[in-house]
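Coordinates in review
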Amino acid sequence: MIQGSTELVAIVGSPVTQVKSPENFNQWFAGHRQNVAMLAIDLAPSALQNFVETLRGWQNLRGCVVTVPYKQLLAGRLDSVSARSAALGSVNVIRREADGRLVGDIVDGEGFLSAARQQGFNPQDKQALVIGTGGVGSAIAYSLCQAGIRHLVISDLSAERVEMLGELLRNTFPETVISANPTSLEHFDLVVNASPVGMGATSEEGPLPLPQDLMQSLQASTLVADVVTSPALTPFLAFAQGRGCAIQTGPQMALAQLGNLGHFMGVTPLQI
Ligand code: NAD
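Residues numbered from 1 in each chain as written. Predicted model: local features only at pLDDT ≥ 70, side-chain atom pairs only at ≥ 80, totals over all residues. Heavy atoms only, no water.

What follows deals with the packing of helix H6 (residues 135–146) against helix H7 (residues 159–172). Running from amino to carboxyl end, H6 crosses H7 at an angle of 20 degrees, the nearest separation of the two axes being 11 Å. With respect to H7, the element H6 is oriented roughly parallel. For the element pair H6 and H7, the recorded crossing hand is right-handed. Along its contact with H6, which presents Ser138, Ala141, Tyr142 and Cys145, the element H7 presents Leu165, Leu169 and Thr172. Grouping the constituent residues of the contact of H6 with H7 by class yields five nonpolar, two polar and no charged. (Axes fitted to C-alpha atoms, helices over the stretch in contact; angles between N-to-C directions. Helix = DSSP H or I, 4+ residues; strand = E, 2+ residues; numbered from the N terminus. Parallel < 35°, antiparallel > 145°, perpendicular 65-115°, else oblique. Left-handed = near helix turned anticlockwise from the far one by under 90°. Contact = heavy atoms within 4.5 Å. Nonpolar A, V, L, I, M, F, W, Y, C, P; charged D, E, K, R; others polar.)

Our next topic: the environment of Gly89. Here Gly89 shows up in the loop between helix H4 (83–88) and strand S5 (93–96). Residue Gly89 is classed as partly exposed on the basis of its relative accessible area of 30%. Here the alpha-carbon distance between Gly89 and Thr6, two residues 83 residues apart in the chain, equals 32 Å. Setting aside residues up to four positions removed in sequence, Gly89 forms contacts with Lys71, Gln72 and Ala75. (Buried < 20%, exposed > 50% of the residue type's maximum accessible area, 1.4 Å probe, protein only.)

Taken in spatial order, the six strands make up an open sheet running S2-S1-S3-S5-S6-S4, and their pairing is mixed. In this open sheet, the two edge strands, each paired with only one partner strand, are strand S2 (36–42) and strand S4 (80–81). Here S5 pairs with strand S6 (residues 102–105) via four bridges, running antiparallel. Across the sheet, Ile94 pairs through a bridge with Gly104, a residue of S6. Together, strand S1 (7–13) and S2 form the strand contacts of helix H1 (residues 21–31), whose direction differs from that of S2 by roughly 170 degrees. (Pairing = 2+ DSSP bridges.)

Taken together, 21 residues form the shell around the ligand, and within it Gly135, Val136, Asp156, Arg161 and Val227 come nearest. The separation between an oxygen atom of the ligand and a polar main-chain atom of Val136 is 2.8 Å. Mapped by element, the contributors of at least two residues to the shell around the ligand are H6 and helix H10 (250–265). Counting residues per element, the shell around the ligand draws most heavily on H10, which supplies four residues. Classifying every residue of the shell around the ligand gives eleven nonpolar, seven polar and three charged. (Near = heavy atom within 4 Å. Polar contact = N/O pair within 3.5 Å; in protein donor to acceptor, adjacent residues only side chain to side chain.)

Another point: the pairing of S5. Relative to S5, strand S3 (residues 61–66) is paired through three bridges, and the arrangement is antiparallel. By the bridge assignment, Val65 is partnered in S5 with Val93. Hairpin connection from S5 to S6: five residues lie between these consecutive antiparallel strands, with Gly100 at a positive phi of about 95 degrees.

The next thing to look at is the packing of aromatic side chains. Applying the stated rule across the entire model yields three aromatic pairs. Every member of this aromatic cluster is reached through a ring pair, and the members are Phe25, Trp28 and Phe29. We note Lys126 situated over the ring of Phe121; from NZ or CZ to the ring centre the distance is 5.7 Å. (Phe/Tyr/Trp six-rings, centres within 6.5 Å; stacked < 30°, edge-to-face > 60°. Lys NZ or Arg CZ within 6 Å of the ring centre and 35° of its normal.)

In terms of burial, helix H9 (residues 235–242) is a largely internal element, six of the eight residues being buried. All buried positions along H9 are accounted for by Pro235, Phe236, Leu237, Ala238, Phe239 and Ala240. After H9 finishes, the residue Gly244 shows a positive phi value of roughly 90 degrees.

Moving on: the domain arrangement of the protein chain. Taken domain by domain, the protein chain consists of domain 1 (7–106) and domain 2 (109–251). Its C-alpha centre places domain 1 at a distance of 27 Å from the equivalent point of domain 2. Facing six residues of domain 1, the contacting portion of domain 2 comprises eight residues. Across the domain 1 to domain 2 interface the summed buried area is about 590 Å²; carbon plus sulfur atoms make up 67%. Broken down residue by residue, the surface that domain 1 buries against domain 2 is led by Arg84, Ala87 and Leu88, which jointly contribute 72%. Glu110 serves as the salt-bridge partner of Arg84, at 3.4 Å between the closest nitrogen and oxygen. On inspection of domain 1 and its partner domain 2, the count reaches two residue pairs in polar contact (both at pLDDT 80 or more). Considering each element in turn, the side of domain 1 that touches domain 2 owes the most residues, four residues, to H4. Counted by class, the side of domain 1 that touches domain 2 contains four nonpolar, no polar and two charged residues. (Domains from an automatic or database assignment. Buried area = accessible area lost by both parts, 1.4 Å probe. Salt bridge = Lys/Arg side-chain N within 4 Å of Asp/Glu carboxyl O.)

Structure below.
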């Protein structure tokens, strides 16, 4: 029950009917007897600037999760953002400080890493492939570099995106080897599909984000992850499972990220 004394967090996007954060957060708040609640806000683009001003003055609001289409649009309107948000030009969470200042970060990559660490993956000195260099893929690539990966390979249908992200990562993490477009999957410790390929697939025979001949070089020792949340077992993950690989699903990443989002807003511990 929301009361006058309840502290609020929000998630803003458009549309928001599909977002899972309100039920996940509200279940956690209720289960841990926290007088905090999350609201979902479906915001019209024309209201964005007024919304930012409202956030500054909203005194019982601790923070706001940001989803499509506002991750990039809000990044430039806040009072300060993390180094990775500034580099990637994107935020997925905002904290409202007591004086009304708005601080942003992007924790998609950290959520991904939290899930991977939960299954024993340590990025230090490893080799990884990230397929898809959009909002989520670039955040995962950035966090992997920040966490000490030795060699990162990125790929995307858009050569321009690969080039831009490659340049950003090489400049920010000179100690990490960054390359593009793998010719074999043999030496990777981690392969991540961060593209939407497989979203909505109704059978394990659906589309794969890499050509079949490349998929055939996948080794059982590789951790294979997907960011797609529906279905949880994408055709890519089903293929990997069939080759004996450990897998990490999109819902596992989303669940692990709750702690990163809640901790940044000051309403949950980092690990929940
Ligand atoms: P985006 O549109 O910003 O980026 C997608 C990228 O994938 C684009 O650069 C596109 O060119 C590339 N791409 C498409 N097909 C490809 C292919 N066959 N090979 C290589 N690259 C390809 O999208 P986004 O915001 O990064 O979201 C990506 C996915 O992540 C979506 O399915 C979204 O639902 C999911 N997502 C999951 C979580 C989670 O917690 N699990 C969180 C946010 C988003």
